[in-house]
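# Observations on the three-dimensional arrangement
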Amino acid sequence: MGCTDSPGYNLPPCPPCPRHSTSRVARKDCYTEVALPLYQNLTIVQQPVELGSLARRYAEEAARFIQRASDSGRPFFLYLALAHMHVPLTPPVPPAPGRGVYGASLGEMDALVGRIKEVADSLGKGSTLLWFTGDNGPWAQKCELAGRLGPFVGAWQRQRGGSSAKQTTWEGGHRVPALVYWPGRVPAGRTSHALLSTLDIFPTLLALAGAALPPNRRFDGLDVSPVLFGWSDVGHKVLLHPNSGAAGKVGAIEALRLAQYKAFYTTGGAMACDGSTGPEERHQPPLIFNLDRDLQEQEPLDVASREYQAVLPAISRAYAQALQDIAADNVSVADYSQDPAAIPCCNVQHVGCRCHGATQDPHLENRTPRLCL
């Protein structure tokens, strides 16, 4: 998400980095002013980064890291946050007919994950837990570069305009795939319908390592190892869905799950492929869907129905308790102000901070420019 010399596929397309002061392009969503850097620790090893090389770099660095840990006999934790499947997409070769840019990029990610799995297995199959998941649903305004919603279409919202995918709290925005692989510990081929969250990764890994959670704050995540090991199919009973940009104050809790029920106090549609959005609507009493029967979120329960009247008090209690728990916990406010002196720039003399002599090998640190402040 920054300017590069080969911008890849995006909608709308982004221009390459400026090479001269007269070639600046004012496109806020393309971040054209400063070339996107590639860091190794505090060293900029390439600016602008070559996006098409990231998959190879990820695989090589991950393999080196796992090998070093194996050689030392020490346990390791590797967090690999892929640029896939976010725009700009940079598939390795021209996509095959009918496959498309998204399909080619997905294939590259699949091969990358497979390579890391092979390395881990080669150093002792069954000794490493692999946990793969995503962070949100498709970014609908990117059209064919965004992926698809599958059955999680948020039909109630789509009837009112806009997208029900990323930036919304509909299932298409927050529900993501997850796969866990650990030969001998996690049963193969098993599917669980337990309600889990990426919040569970931290407490689960700590529990497996025999460590305790820090005592000075509350954690919404659970140790879900019984679900992973096939001993249980019980996850969260209550799960919060913070506003994600389409409606309401970003980060505020105005949607939540209670078992199979999902309640909305605010709804709205994000920008769709055709540029349309859906109006923000407040709901008091909340819209409630039964996802066991209505995964498409098409028809909320009738407020006069016996089912609605039976579940509303429990939802109201869970919502009030969640808000009280947040208010009583340690709360920090992020500072998003920008200091121009902290812009990552390895050549302050160049309009885009371009490193003319940046090495292609991030391991030759003695030949690379340092971060200039």
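Residues numbered from 1 in each chain as written. Predicted model: local features only at pLDDT ≥ 70, side-chain atom pairs only at ≥ 80, totals over all residues. Heavy atoms only, no water.

Moving on, we come to the overall build of the protein. The helix and strand tally for the protein stands at 7 helices and 8 strands. Compactness check: the protein gives a C-alpha radius of gyration of 23 Å against a globular reference of 21 Å for 373 residues, within 12% of the reference. Each principal axis of the C-alpha distribution contributes one length, and for the protein these read about 70 × 55 × 50 Å. With 373 residues in all, the protein has 39% of them scored as buried. Within the protein, counting contacts between residues at least 6 apart in sequence, those at least 24 apart form 60% of the total. Carbon and sulfur atoms provide 55% of the accessible area of the protein, an area that totals close to 21,200 Å². Of the side chains in the protein, 34 bear a positive and 34 a negative charge, and the two mean positions are spaced by 2 Å. (Helix = DSSP H or I, 4+ residues; strand = E, 2+ residues; numbered from the N terminus. Rg over C-alpha atoms; globule rule 2.2 N^0.38 Å. Buried < 20%, exposed > 50% of the residue type's maximum accessible area, 1.4 Å probe, protein only. Contact = heavy atoms within 4.5 Å. Areas by Shrake-Rupley, 256 points an atom, 1.4 Å probe, with all protein chains shown as cover. Lys, Arg positive; Asp, Glu negative; His and termini not counted. Charge placed at Lys NZ, Arg CZ, Asp CG, Glu CD.)

Our next topic: the packing of helix α1 (residues 54-72) against helix α2 (residues 100-122). The geometry of α1 relative to α2 is characterised by a closest axis approach of 10 Å and an angle of 10° between their N-to-C directions. In terms of orientation, α1 lies roughly parallel with respect to α2. The residues of α2 that touch α1, namely those facing A55, Y58, A59, A62, A63 and I66, are E108, L112, R115, I116 and V119. Tallied by class, the residues present in the contact of α1 with α2 amount to 9 nonpolar, no polar and 2 charged. (Axes fitted to C-alpha atoms, helices over the stretch in contact; angles between N-to-C directions. Parallel < 35°, antiparallel > 145°, perpendicular 65-115°, else oblique. Nonpolar A, V, L, I, M, F, W, Y, C, P; charged D, E, K, R; others polar.)

Our focus in this paragraph is the side chain of H241. Within the fold, H241 resides in strand β5 (residues 238-242). For H241, a relative accessible area of 6% puts it in the buried group. For H241, the side chain forms a polar contact with the side chain of H174, separated by 2.9 Å. With residues near it in sequence (within four places) discarded, H241 still touches T169, H174, A252, I253, E254, A255, L256, R257 and K262. (Polar contact = N/O pair within 3.5 Å; in protein donor to acceptor, adjacent residues only side chain to side chain.)

Close inspection of predicted coordinates is inappropriate for parts of the model with low pLDDT. On average, residues of the protein score 89 in pLDDT, and 92% of them reach the 70 mark or higher. Per-element averaging of pLDDT across the protein places strand β1 (residues 38-40) at the bottom with 91 and strand β7 (residues 261-269) at the top with 98. (pLDDT = per-residue confidence, 0-100.)

Next up on the list: the nonpolar core. Grouped together as the largest cluster of nonpolar side chains are 14 residues, with contacts concentrated most on L256, Y261, I288, V311 and I315. Elements with a minimum of two residues in this core: β6 (253-258), β7 and α7 (306-328). No other element matches α7, which puts 6 residues into this core. In terms of nonpolar packing, the next biggest core, distinct from the first, is built from 13 residues, Y58, A59, A63 and L112 among them. (Core = buried A, V, L, I, M, F, W, Y, C linked by side-chain atoms within 4.5 Å.)

Spatial strand order, β5-β6-β7-β8: 4 strands in an open sheet with antiparallel pairing. The open sheet has two edge strands with one neighbour each: β5 and β8 (278-290). With direction set aside, neighbouring strand axes in the sheet form an average angle of 20°. With 4 bridges connecting them, β6 and β7 associate as antiparallel partners. In the sheet register, L256 faces β7, and the bridge partner there is A263. (Pairing = 2+ DSSP bridges.)

This paragraph deals with the environment of Q298. The residue Q298 is located in the loop between β8 and α7 in this model. With a relative accessible area of 41%, Q298 lands in the partly exposed category. For the pair Q298 and R158, spaced 140 residues apart in sequence, the C-alpha to C-alpha distance is 9.1 Å. Setting aside chain neighbours within four positions, we find Q298 in contact with A155, W156, Q159 and F289.

What the rule picks out here adds up to 13 salt bridges. In this structure, K262 engages E297 in a salt bridge whose closest nitrogen and oxygen atoms are separated by 3.2 Å. You can see K262 sitting in strand β7 and its partner E297 sitting in the loop between β8 and α7, a full 35 residues away along the chain. Accessibility expressed as a relative area gives 0% for K262, which makes it buried. Looking at E297, the relative accessible area reads 0%, which means it is buried. (Salt bridge = Lys/Arg side-chain N within 4 Å of Asp/Glu carboxyl O.)

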